[in-house]
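So you can see what is in the structure, the chains are spelled out below.
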Amino acid sequence: GRLAKESADTEKKAAQLEGELIEVGPRSVLLRGEYRAKLVAKLKVPEFAGQRVVTYACGVTILGAPIDTELRTVAKLLPPIFRDAGWNDQQRELENVGCTGAGEGIWIQIRGGASARTKKAGKFLVGVLNSLPMKAGGPVWGTIPDVRTEDADSVIVYVEGHPS
């Protein structure tokens, strides 16, 4: 009766608080431990096995040193997650590029000429990231000058600053 209701209310409040803490805390929390395992499981679908993806850090640097280490941490953690989920991560080294987009969150871009599968994978990735919750936008279609890959069938991931 009353005790069960109080317990359910407490669990609901705890879940709400956890969600609020996740939204303001470092995004890297969502890319480690049990959260990482859940993300890999969500991304590991046969339809996108082998899907090419490339990740860029979109930070500002001063004399070659990054200002925002949080976004660089996120950009470093994503490629191994993609690989563990069976996607074909194309990142060779973390590149610090000045990206387009809203300047916060993660933006997915699909180049002109991409296959229907790649377009679908981009939409799927946006949905999965937003379900964490991790603010993700896109996919943005067409060519963005910052893109370092010539592969039209890569899903391009731009990691920007933490949403505030």
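Now for a look at the structure at hand. (Residues numbered from 1 in each chain as written. Predicted model: local features only at pLDDT ≥ 70, side-chain atom pairs only at ≥ 80, totals over all residues. Heavy atoms only, no water.)

**A short note on the pairing of strand β1 (residues 52–57)**
1) Next: Judged by how many residues are buried, β1 sits mostly within the fold: 5 of 6 residues are covered.
2) Next: In this structure, β1 lies alongside strand β4 (residues 88–89), joined through 2 bridges in parallel fashion. When the bridges of β4 are listed, R52 appears paired with N88. (Buried < 20%, exposed > 50% of the residue type's maximum accessible area, 1.4 Å probe, protein only. Helix = DSSP H or I, 4+ residues; strand = E, 2+ residues; numbered from the N terminus. Pairing = 2+ DSSP bridges.)

**Brief notes about the packing of aromatic side chains**
Describing an aromatic ring pair means giving the distance of the ring centres and the angle of the ring planes.
1) Next: The tally for this structure, following the rule as stated, stands at 4 aromatic pairs.
2) Next: Taking the centre distance of 5.8 Å and the plane angle of 45° together, the rings of F48 and W87 count as tilted. Highlighted residues: F48 in the loop between α2 (33–43) and β1 and W87 in the loop between α3 (69–84) and β4, separated in sequence by 39 residues.
3) Next: For F48, a relative accessible area of 2% gives the class buried.
4) Next: Residues F48 and F124 carry aromatic rings whose centres are separated by 5.0 Å and whose planes lie at 35° to one another, so their mutual orientation is tilted. With F48 in the loop between α2 and β1 and F124 in helix α4 (residues 116–130), this pair connects stretches of sequence that are 76 residues apart.
5) Next: Residue classification places F124 among the partly exposed positions, given a relative accessible area of 25%. (Phe/Tyr/Trp six-rings, centres within 6.5 Å; stacked < 30°, edge-to-face > 60°.)

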